[in-house]
Amino acid sequence: MSKVFFTGCTHFDHANIIGLANRPFNSVEEMNDVLVHNWNSVVKSNDEVFLLGDIAYGPSSNSAGYWLSKLTGRKTIILGNHDDSKGWFDVDAGVRDVQNYYDLKRKGHRFILFHYPMEDWDGRYRGSIHLHCHTHQKQLERPSIPYIETSGLSRYPADPLPSTVGLTLPGNYPEGLYCNRFNVTVEATNYTPISMDEIIARSIYKEHIPI
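Notes on the structure in this doc start here. (Residues numbered from 1 in each chain as written. Predicted model: local features only at pLDDT ≥ 70, side-chain atom pairs only at ≥ 80, totals over all residues. Heavy atoms only, no water.)

### Describing the pairing of strand 3 (residues 74-78)
A regular strand places its side chains so that they alternate between the two faces of the sheet.
(1) Moving on: Strand 3 sits mainly inside the fold: four of its five residues count as buried.
(2) Moving on: In terms of strand pairing, strand 2 (residues 48-51) meets strand 3 through four bridges, oriented parallel. If you follow Glu48 over to strand 3, its bridge partner there is Arg74.
(3) Moving on: Note that strand 3 and strand 4 (residues 95-99) share four bridges and pair parallel. Note on strand 4: the bridge partner recorded for Ile77 is Val98. (Buried < 20%, exposed > 50% of the residue type's maximum accessible area, 1.4 Å probe, protein only. Helix = DSSP H or I, 4+ residues; strand = E, 2+ residues; numbered from the N terminus. Pairing = 2+ DSSP bridges.)

### Things to note about the packing of aromatic side chains
(1) Moving on: For the structure shown, the criterion picks out eight aromatic pairs.
(2) Moving on: What links up through ring pairs into an aromatic cluster is the set Phe6, Phe50, Tyr102 and Phe111. (Phe/Tyr/Trp six-rings, centres within 6.5 Å; stacked < 30°, edge-to-face > 60°.)

### Brief notes about unusual backbone geometry
(1) Moving on: The backbone phi angle of Cys9 is positive, close to 55 degrees, even though this residue is not glycine.
(2) Moving on: Relative to the assigned elements, Cys9 resides in the loop between strand 1 (4-7) and helix 1 (16-20).
(3) Moving on: Despite not being glycine, His136 has its phi angle at roughly 65 degrees, a positive value.
(4) Moving on: Structurally, His136 can be placed in the loop between strand 7 (129-132) and strand 8 (147-148).

### Structural notes on the pattern of salt bridges
(1) Moving on: Under the counting rule described, the total for this entry stands at eight salt bridges.
(2) Moving on: With a closest N to O distance of 3.5 Å, Asp103 and Lys105 form a salt bridge.
(3) Moving on: With a relative accessible area of 29%, Asp103 lands in the partly exposed category.
(4) Moving on: Here Lys107 ties to Asp197 by a salt bridge, and the two come within 2.4 Å at their closest N and O atoms. Of this pair, Lys107 sits in the loop between strand 5 (101-106) and strand 6 (109-114) while Asp197 is found in helix 4 (residues 196-202), placing the two residues 90 residues apart along the sequence.
(5) Moving on: The exposure class assigned to Asp197 is partly exposed, which follows from its relative accessible area of 41%. (Salt bridge = Lys/Arg side-chain N within 4 Å of Asp/Glu carboxyl O.)

### Some points on the environment of Leu104
(1) Moving on: You can see Leu104 is positioned in strand 5.
(2) Moving on: A C-alpha to C-alpha distance of 9.9 Å links Leu104 and Ser128, two positions 24 residues apart in sequence.
(3) Moving on: Setting aside anything within four residues of it in sequence, one finds Leu104 in contact with Phe6, Phe50, His109, Arg110, Phe111, Leu113 and Met196. (Contact = heavy atoms within 4.5 Å.)

### Side note on the environment of Trp121
(1) Moving on: Looking at the secondary structure, you find Trp121 in the loop between strand 6 and strand 7.
(2) Moving on: On the basis of relative accessibility, which here comes to 7%, the residue Trp121 falls in the buried class.
(3) Moving on: Along the primary structure Trp121 and Arg181 are separated by 60 residues, whereas in three dimensions their C-alpha atoms are 10.0 Å apart.
(4) Moving on: At a separation of 3.1 Å, a polar atom in the side chain of Trp121 contacts the side chain of Ser128. (Polar contact = N/O pair within 3.5 Å; in protein donor to acceptor, adjacent residues only side chain to side chain.)

### Focus on the state of the cysteines
(1) Moving on: Scanning the entire structure with this criterion turns up zero disulfides.
(2) Moving on: You can see Cys133 has no disulfide; the closest cysteine sulfur is in Cys9, sitting 3.5 Å from it. (Disulfide = S-S within 2.5 Å.)

### Examining the sheet that holds strand 4
(1) Moving on: Within the open sheet, the five strands sit side by side as 4-3-2-1-12. Their pairing is mixed. Single-partner strands in this sheet number two, and they are strand 4 and strand 12 (194-195).

### Thoughts on the sheet that holds strand 6
(1) Moving on: Strand order in the open sheet formed by four strands is 5-6-7-11, with mixed pairing between adjacent strands. Every other strand in the sheet has two partners, leaving strand 5 and strand 11 (181-183) as the edge strands with one partner each. Between one strand axis and the next, the sheet turns through 20 degrees on average, direction left out of account. (Axes fitted to C-alpha atoms, helices over the stretch in contact; angles between N-to-C directions.)

Geometric descriptors of this kind do not, in isolation, establish any biological role.
Shown next as structure tokens:
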């Protein structure tokens, strides 16, 4: 049975990203090799991968297409700020679709895919899961958006003071629902695509959504 994976911000060929994002590689060649090896070690040819942008940043305009052709699986690209989709639909690269934003419904869950982190998104109040990259932070779970308390005050658990008072929400907002937002950049996932099953298992609100 095929699986679904997410990843983003691979930055193939981008030597400066090693220092900028504090990546544990001694050279861009080592980084490229590890990214390809890790990807192909978990993604099989019939699996789906949603790649949330910033594939490559190399000297060649065809750099992204070159690296995509070395990666297994059926790929959907959500464009990042460093991406140019020219030539990506080559059959050898396995690219099925290229979008700026993707609304994905699988296994009774809804995933909102965008290169950049969003503060709010469609279905958030019903437990939809937002996946992003771009920030290069090493934290996978990023529930830094307020949740709702019975008192009507909205606050992030780590913050002792309410950040919003009198927040109006739909009547069916689940009490205590934290923000299901995940950063799938490679720095947060051990430089390896993360499976949909793991994201679902880590999501705080686990009730399936009718779709």
